[in-house]
Amino acid sequence: EDKLAVLHTASAEARAHAQAASAAQAVPTIRLEATTYAAMLYVGSEPIRITGLPYVVGRQSDTGEPDAATKPNLEIPDPKPYRLSRHHFSILAEDGAVQVRDLNSELGTIVNEIPLGHDFAQDRIQLHHGENAVIAGGRGSPYAFAVTVL
């Protein structure tokens, strides 16, 4: 009986540990929606439900340009002069929080009025629950989005 009790306890502990690990890796509900006409033109007006992280947004390779080693989850055809880098920003989960990270883009990313990128003080920022404003390609870029974390 003692061995059975030990096995039952160990099994319950393993199950609880697996559930906790699964909950820690669970992706919250995240939606990405174009908020400017130019972004809607290329992305559409319906929100995109993000089901896996990291989620990368970037520019579609132009004719004659070599393909990137990996394609972004969302490829946006951006005419010259480019506002977007081929891997511009990512939405990721880190330390239990949803973040946006600029991927060393040329013109940076702005999240809730805070500029991110290699020319700025930081390259990532935590998103708050609710709607977050994300502009890819710096101030004045036509590629503006609302990223909603529920």
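Whatever comes next refers back to the structure up there.
First, a word on scope: everything that follows refers to the structure included in this document. (Residues numbered from 1 in each chain as written. Predicted model: local features only at pLDDT ≥ 70, side-chain atom pairs only at ≥ 80, totals over all residues. Heavy atoms only, no water.)

Some thoughts on the pairing of strand 5 (residues 89–94)
Basically, it comes down to this: Only when DSSP finds a minimum of two bridges between them are two strands counted as paired. In this description a helix means any DSSP run of H or I spanning at least four residues, a strand means any run of E spanning at least two, and both kinds are numbered starting from the N terminus.
Sheet topology places strand 3 (residues 55–59) next to strand 5; 3 bridges connect them, and they run antiparallel. The residue of strand 5 that forms the bridge with Tyr55 is Ile91. Pairing analysis gives 6 bridges linking strand 5 to strand 6 (residues 97–102), with the strands arranged antiparallel. Of the residues in strand 6, the one forming a bridge with Ala93 is Val98. Count of turn residues in the strand 5/strand 6 antiparallel hairpin: 2 residues, of which Asp95 carries a positive phi of about 55°.

Description of the sheet that holds strand 5
We count it as follows: An axis is simply a line fitted to the C-alpha atoms; with a helix, the fit covers only the stretch in contact. Between two such axes, the angle follows the N-to-C directions and lies from 0 to 180 degrees.
Read across the open sheet, the 5 strands follow the order 4-3-5-6-9; overall the sheet is mixed. Edge positions in the sheet fall to strand 4 (74–76) and strand 9 (124–126), since each of these pairs with one other strand and no more. The sheet shows a mean angle of 20° between the axes of neighbouring strands, taken without regard to direction.

A closer look at the sheet that holds strand 1 (residues 30–34)
Strand order in the open sheet formed by 6 strands is 2-1-11-10-7-8, with antiparallel pairing between adjacent strands. Strand pairing shows two members of the sheet lacking a second neighbour, strand 2 (48–50) and strand 8 (114–116), which therefore form its edges. Pairs of neighbouring strands in the sheet enclose a mean axial angle of 25°, with direction left out of account. Where strand 1 meets strand 11 (residues 143–149), 5 bridges bridge the pair, whose relative direction is antiparallel. Paired with Leu32 across the bridge in strand 11 is Val147.

So, the packing of aromatic side chains
The geometry of an aromatic ring pair is captured by the separation of the ring centres together with the interplanar angle, meaning the angle of the planes. What counts here: What counts as a ring pair is set by centres within 6.5 Å for rings of Phe, Tyr and Trp (its six-membered ring), and what kind of pair is set by the plane angle: stacked under 30 degrees, edge-to-face over 60, tilted for all other angles. The cut-offs for exposure are 20% and 50% of the maximum accessible area for each residue type, with area from a 1.4 Å probe on protein chains only; residues under the lower value are buried, those over the upper are exposed, and the others partly exposed. Only when the NZ atom of a Lys or the CZ atom of an Arg is both within 6 Å of the ring centre and within 35 degrees of the ring normal do we say a charge sits over the ring.
Inspection of every chain in the model, using the stated rule, returns 2 aromatic pairs. Between Tyr42 and Tyr143, the ring centres sit 6.3 Å apart and the planes meet at 40°, which makes this aromatic pair tilted. Taken together, the residues span a long stretch of sequence, with Tyr42 in helix 2 (residues 37–43) and Tyr143 in strand 11 at a distance of 101 residues. Its relative accessible area of 34% is what places Tyr42 among the partly exposed residues. Exposure remark for Tyr143: the relative accessible area of 3% places this residue in the buried category. Sitting over the ring of Tyr82, Arg59 keeps its end group 3.7 Å from the ring centre.

Observations regarding the pattern of salt bridges
A pair can form between side chains of opposite charge whenever their charged atoms are brought close. As a reminder, the rule being used: One speaks of a salt bridge when a side-chain nitrogen belonging to Lys or Arg is within 4 Å of a carboxyl oxygen belonging to Asp or Glu.
This structure, assessed with the given rule, holds 7 salt bridges. For Glu65, the salt bridge goes to Arg86, with nearest N and O atoms at 3.9 Å. Of the two residues, Glu65 sits in the loop between strand 3 and strand 4 while Arg86 sits in the loop between strand 4 and strand 5, which places them 21 residues apart along the sequence. When its relative accessible area of 24% is taken as the criterion, Glu65 is described as partly exposed. Notably, a salt bridge pairs Lys71 with Glu75, separated by 3.6 Å at the nearest N-O pair. What you see here is one network of salt bridges that share partners, running through Glu94, Arg101, Asp123 and Arg124.

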